[in-house]
Amino acid sequence: MRSVGKQARHGLGRRGATALEFGLIAVPVLTFMFVILALGIFGLYQQVLDNAVRDVTRQVQINASAASSSALFVSALCTQLAPVASLTTCNSNITYAVQATSIASGFTALTPSAVSAGGTLPNTFFSSGTAYGPNTNKLIQVCWQSPFTIPFASGVLTFGTSGRCLYGIGATRAEPYK
């Protein structure tokens, strides 16, 4: 009968230590990688919203269809958000505040609306008389209740729900035509 040497016994015990060390290191490393991925997705959503608000602000500035009614304004926004949001739920997830004033009043006459505790804006839209033509300043605020939730970390990494929203703002001045 052969006896197991001291080195062989030491090697058997070492396998368990390696697995334990891997478990202790893997959890924080995987958590860190997961948080980086989640923040990257959040940044993507914010960038898409910023681009949508910029494009719709431009449409309002040049008096395109987005400037004619609140429904067309939201539709233009949802079309821009289509890469990351379904068109069927987008309309109910967007709140906005659109204001216009004369150039003589300046931007100081435009007071940004506050986002409510529920993460919404008042859905105000300017009247067509103040929106069109030269010599107007416009302030556009958008709050998007984005459905960005990570299922097993819902209390920690939830953006755009439970009173939070992704926020975009655009401002433009229509200069007089000559």
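Structure report, in brief. Please read these numbers as outputs of a predicted model, since none were measured by experiment.

Cut-off values and rules
Chains are numbered independently. Their residues run from 1 in the order of the written sequence. Thresholds applied to this predicted model are a pLDDT of at least 70 for local features of residues and 80 or more for the giving and counting of side-chain atom pairs; totals over whole chains, interfaces and linings are not thresholded and use all residues. Only heavy atoms go into the side-chain values, all of them from the structure, while hydrogens and water stay out. Here, the term nonpolar core denotes a set of buried Ala, Val, Leu, Ile, Met, Phe, Trp, Tyr and Cys residues that are joined through side-chain atoms within 4.5 Å. The classification of residues rests on relative accessible area computed with a 1.4 Å probe and restricted to protein chains. Under 20% of the type maximum is buried, over 50% is exposed, and intermediate values are partly exposed. Counting from the N terminus, the helices are the DSSP runs of H or I reaching at least four residues and the strands are the DSSP runs of E reaching at least two. We call two residues contacting when some pair of their heavy atoms lies within 4.5 Å. Salt bridge, as used here: a side-chain nitrogen of Lys or Arg that lies within 4 Å of a carboxyl oxygen of Asp or Glu. Sulfur atoms of two cysteines make up a disulfide when they are within 2.5 Å. Polar contacts, as counted here, are pairs of nitrogen or oxygen atoms within 3.5 Å of one another; within protein the pair requires one atom able to donate a hydrogen and one able to accept it, and residues that are adjacent in sequence qualify only if both atoms are side-chain atoms. A pair of strands is treated as paired once DSSP finds two or more bridges between them.

With respect to the nonpolar core
Thought 1: In terms of nonpolar packing, the biggest core is built from 27 residues, with Val60, Phe73, Leu77, Leu81, Ile94, Val142 and Trp144 touching the most fellow members.
Thought 2: Looking at this core, the elements that each hand over two or more residues are helix 1 (6-61), helix 2 (70-80), strand 1 (94-102) and strand 2 (136-144).
Thought 3: In terms of residues, this core owes the most to one element, helix 1, which gives 7 residues.
Thought 4: Residues in contact with leucine 77, not counting those within four places in the same chain, are Ala52, Val53, Val56, Ile94 and Val142.

A closer look at the pattern of salt bridges
Thought 1: Throughout the structure, instances matching the rule amount to 1 salt bridge.
Thought 2: A salt bridge links arginine 54 to aspartate 55; the nearest nitrogen and oxygen atoms lie 3.6 Å apart.

Digging into the state of the cysteines
Thought 1: Summed over the entire model, instances satisfying the criterion amount to 2 disulfides.
Thought 2: Disulfide pairing places cysteine 78 opposite cysteine 90 at an S-S distance of 2.2 Å. Torsion about the S-S bond of the cysteine 78 and cysteine 90 cystine: about -90°, corresponding to left-handed handedness. Placement of cysteine 78 in helix 2 and of cysteine 90 in helix 3 (residues 87-93) is noted, with a sequence separation of 12 residues between them. Side by side, cysteine 78 and cysteine 90 carry an identical accessibility label, which is buried.

Description of the side chain of threonine 136
Thought 1: Tracing the sequence through the fold places threonine 136 in strand 2.
Thought 2: Among the polar contacts made by the side chain of threonine 136, one reaches the side chain of lysine 138 at a distance of 2.6 Å.

With respect to the pairing of strand 1
Thought 1: Counting buried positions along strand 1 gives 8 out of 9 residues, so the element sits mostly inside the fold.
Thought 2: In this sheet, strand 2 lies alongside strand 1 in antiparallel orientation, the contact comprising 9 bridges. The residue of strand 2 that forms the bridge with threonine 95 is cysteine 143.

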